[in-house]
Amino acid sequence: MSENFSINITEKSISLAEAFTFVAVESNGATSSFIGTIRNNNLGRDVLGVSYDVHKSLAIQTLTELCEETQRCSLDTLRIFISHFQGRLAVGEVSIVIAVSSPHRNESFVACRFLIEEIKHRCPIWKKEHYVDGNSEWVKGHALCQH
Amino acid sequence: MNKQITITVKLFGEWREYSQDAEVSLKLPINADVETLKQTFIKSLNQELISDNSTALLNSSVFANESEVLSSAAQFTQDQMLTIWPPVCGG
């Protein structure tokens with residue numbers, strides 16, 4: 001993996017400081033980030049928390065491919081940090097942090113948006129919501145292509 | 001007698017609800033295709049839980065080996081470990 005990428009699936013709290021420290025380099029003047037947190041509602045139901053199920057090795061492989069795709073569009077100038085949580089989180093806790101630095105602002109904004117959208121569509125991660133009424137349900141996701 | 005192979009399928013996401021175990025072990029004829037795998041897989045699950053939703057979930061799921069999602073044209077010639085992925089929703 002490129003030294004410009006930090007990719008991690010973790011069962012520990014994700015450190016924002018670690019993300020911003022990793023992407024900070026003197027050649028890059030812009031940093032953008034996406035921080036996903038557990039909200040207290042979904043589709044009219046009161047949510048207590050979310051459990052994340054992850055195929056760890058292929059999730060890391062997919063995240064690496066996404067970083068490489070992103071980097072190819074930016075002349076190898078990006079520093080990218082991605083960390084996704086595995087396990088159960090309560091409302092307000094952080095499920096994913098993406099941080100990207102680039103020489104100028106547009107590349108980091110675009111890369112950050114691209115990465116979170118592609119993660120939602122391509123990465124082998126699933127989430128189960130736990131509701132205040134005691135029920136739990138797997139969240140409907142995006143079907144992958146089987147060529 | 002036709003040769004058989006063993007395909008072990010590890011369950012992820014919603015598929016975990018269909019078995020008390022984290023994986024199911026399937027006997028398939030050698031050179032079986034993905035469609036045969038799917039039909040054998042769903043028969044191996046707790047039938048009390050199978051519904052139209054299960055069929056829809058199966059049709060929107062993919063199988064993967066240790067490095068990639070399998071093509072719908074894949075055939076199985078030897079024992080191996082696979083995973084089944086329902087639609088994904090990270091983030």
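### Quick notes on the pairing of strand β8 (residues 125–131) of chain A
Residue and element names in this part refer to chain A. Note that strand β4 (residues 45–54) and β8 share 7 bridges and pair antiparallel. Along β8, the bridge assignment pairs V54 with I125. Summarising the sheet, β8 and strand β9 (residues 136–138) pair through 3 bridges and their orientation is antiparallel. Opposite H130, over in β9, you have S136 as the bridge partner. In textbook terms, the turn of a hairpin is the stretch between consecutive antiparallel strands, and for β8 and β9 this stretch comprises 4 residues, one of which, G134, has a positive phi near 100 degrees.

### Overview of the interface of chain B and chain A
Contacts between chain B and chain A engage 18 residues on the former and 25 residues on the latter. Elements that contribute at least two residues to the side of chain B that touches chain A include exactly β4 (62–64) and β6 (80–85) of chain B. Each residue belonging to the side of chain B that touches chain A can be placed in one class, and the counts come to 10 nonpolar, 7 polar and 1 charged.

### A word on the packing of helix α2 (residues 56–72) of chain A against helix α3 (residues 105–122) of chain A
Residue and element names in this part refer to chain A. It is the contact of α2 with α3, at a shortest axis distance of 10 Å, that shows an interaxial angle of 145 degrees. The handedness of the crossing between α2 and α3 is right-handed. Contact residues: α2 offers T62, L66 and T70, while α3 offers A111, F114, L115, E118, I119 and R122. A class-by-class count of the residues in the contact of α2 with α3 yields 5 nonpolar, 2 polar and 2 charged.

Rules of the game
Residues numbered from 1 in each chain as written. Chains lettered and ligands numbered in written order. Predicted model: local features only at pLDDT ≥ 70, side-chain atom pairs only at ≥ 80, totals over all residues. Pairing = 2+ DSSP bridges. Helix = DSSP H or I, 4+ residues; strand = E, 2+ residues; numbered from the N terminus. Contact = placed C-beta atoms within 7 Å. Nonpolar A, V, L, I, M, F, W, Y, C, P; charged D, E, K, R; others polar. Axes fitted to C-alpha atoms, helices over the stretch in contact; angles between N-to-C directions. Left-handed = near helix turned anticlockwise from the far one by under 90°.

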